[in-house]
Amino acid sequence: QFDNNDWKKLNGTVTANSTISPNGIINADAFIESTSSTGDRALFTDPKTISSGQVITLSGYYKSNGRDLRLSCFNSPFSVGFGIYVNLVNGTILSSFSAGGGIVSSSNIKSLNNDWYYVSISGTLSTETSARFTSYLSIGNEVRYQGNGTSGIYIYGAQLNTGSVAKPYFPTTNR
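About the thresholds
- Residues numbered from 1 in each chain as written.
- Predicted model: local features only at pLDDT ≥ 70, side-chain atom pairs only at ≥ 80, totals over all residues.
- Heavy atoms only, no water.
- Helix = DSSP H or I, 4+ residues; strand = E, 2+ residues; numbered from the N terminus.
- Rg over C-alpha atoms; globule rule 2.2 N^0.38 Å.
- Buried < 20%, exposed > 50% of the residue type's maximum accessible area, 1.4 Å probe, protein only.
- Contact = heavy atoms within 4.5 Å.
- Areas by Shrake-Rupley, 256 points an atom, 1.4 Å probe, with all protein chains shown as cover.
- Lys, Arg positive; Asp, Glu negative; His and termini not counted.
- Charge placed at Lys NZ, Arg CZ, Asp CG, Glu CD.
- 1 Å grid on protein atoms, 1.4 Å probe; cavity = no way out; pocket = protein on both sides within 12 Å on 5 of 7 lines; lining within 4 Å.
- Points joined across faces, edges and corners; volume = space filled by probe spheres on them.
- Nonpolar A, V, L, I, M, F, W, Y, C, P; charged D, E, K, R; others polar.
- Core = buried A, V, L, I, M, F, W, Y, C linked by side-chain atoms within 4.5 Å.
- Pairing = 2+ DSSP bridges.
- Axes fitted to C-alpha atoms, helices over the stretch in contact; angles between N-to-C directions.

Enquirer: If you had to explain the overall build of the chain to someone new, which residues and values would you point to?
Expert: Each helix and strand counted, the chain has zero helices and 13 strands in total. Going residue by residue from the N terminus, the α and β elements of the chain occur as β-β-β-β-β-β-β-β-β-β-β-β-β. Its C-alpha atoms give the chain a radius of gyration of 15 Å, within 12% of the compact-globule value 16 Å for 175 residues. When its C-alpha atoms are laid out on the principal axes, the chain stretches across 40 × 35 × 30 Å. Within the span of the chain, comprising 175 residues, buried residues form 46% of the whole. Within the chain, residue pairs in contact and separated by at least 24 positions form 66% of the contacts whose partners lie at least 6 positions apart. A total of about 8,000 Å² of accessible surface is found on the chain, and carbon and sulfur atoms cover 48% of it. In the chain, the 12 positive side-chain charges and the 10 negative ones have mean positions that sit 3 Å from each other.

Enquirer: Describe the layout of surface pockets, naming the residues involved and giving the relevant values.
Expert: Its volume calculated, the second largest pocket comes out at about 160 Å³. Considering the residues around the second largest pocket, the lining is formed by L10, D40, A42, F44, F74, N75, S76, F78, R132, T134 and Y136. Counting residues per element, the ones that place at least two in the lining of the second largest pocket are β4 (42-44), β7 (68-75) and β12 (129-138). In terms of residue count, β12 provides more of the lining of the second largest pocket than any other element does, three residues in total. Per-class residue counts for the lining of the second largest pocket are six nonpolar, three polar and two charged.

Enquirer: Can you lay out unusual backbone geometry for me, pointing to particular residues and giving the numbers?
Expert: Although it is not a glycine, F78 sits at a positive phi angle of roughly 55°. Along the polypeptide, F78 turns up in the loop between β7 and β8 (81-87). Of note in this structure, N114 is not a glycine but carries a positive phi near 60°. Take N114: its relative accessible area is 44%, and that puts it in the partly exposed class.

Enquirer: Summarise the nonpolar core; cite the residues concerned and give the values.
Expert: Core analysis: the largest hydrophobic core is formed by 28 residues, its most contacted members being Y62, L69, L71 and V119. Elements with a contribution of two residues or more to this core: β6 (56-65), β7, β8, β11 (117-124), β12 and β13 (152-162). Setting aside residues no more than four positions away along its own chain, V119 makes contact with L58, S59, G60, Y62, L69, L71, I84, V86, N108 and I109. A30, Y118, Y154 and Y156 belong to the second largest nonpolar core, which has eight residues in total.

Enquirer: Can you break down the side chain of R67 residue by residue, with the values?
Expert: Structurally, R67 can be placed in the loop between β6 and β7. Taking relative accessible area as the criterion, R67 reaches 12% and is therefore assigned buried. Each residue touching R67, except ones within four places of it in the same chain, is listed here: E33, L88, L137, S138, I139, Y145, Q146, N148, S151, G152 and I153.

Enquirer: Explain the sheet that holds strand β10 (residues 103-111) residue by residue, including any values.
Expert: Each strand in a sheet pairs with its neighbour through backbone hydrogen bonds, running either in the same direction (parallel) or in the opposite one (antiparallel). Spatial strand order, β2-β3-β13-β6-β11-β10: six strands in an open sheet with antiparallel pairing. The sheet is open, and its two borders are formed by β2 (12-20) and β10, each paired with just one other strand. This sheet shows a mean twist of 30° between the axes of neighbouring strands, independent of strand direction.

Structure (structure tokens):
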């Protein structure tokens, strides 16, 4: 539920239950960009402590609503981390990147019905740090552009777990 306060919004808004998710229920949220011409458009978690060398996996279900995706895990000053850029129209990983000893160990994209994609990335950080799981709106490999106020992505079931394999999605609404 990306409209709740556990997910921080930067230069965009979330509308809950905007479209049918991969499970066939109208419970996927829309993240729509602002009209700002500067800054990133992102959904991110509170910082989580990641141990040095610990393998972590970010995963989620994404669908284009006019924009692509950058999925990443970085510390607050963006000096240690890793991520990928994903084209959500044709279902390809455009590129991966890392900084400060962050390492991408694997990334995957799986096509689902109704133009949804299951995206995952695994990696490690070189030092223990407090990092955030972030889903950015992008146009290709670019996260800073003039927003139109109507484009974005649909998102469902994003999670962070330890280990090199994405675990099945388990909603945390009542856990």
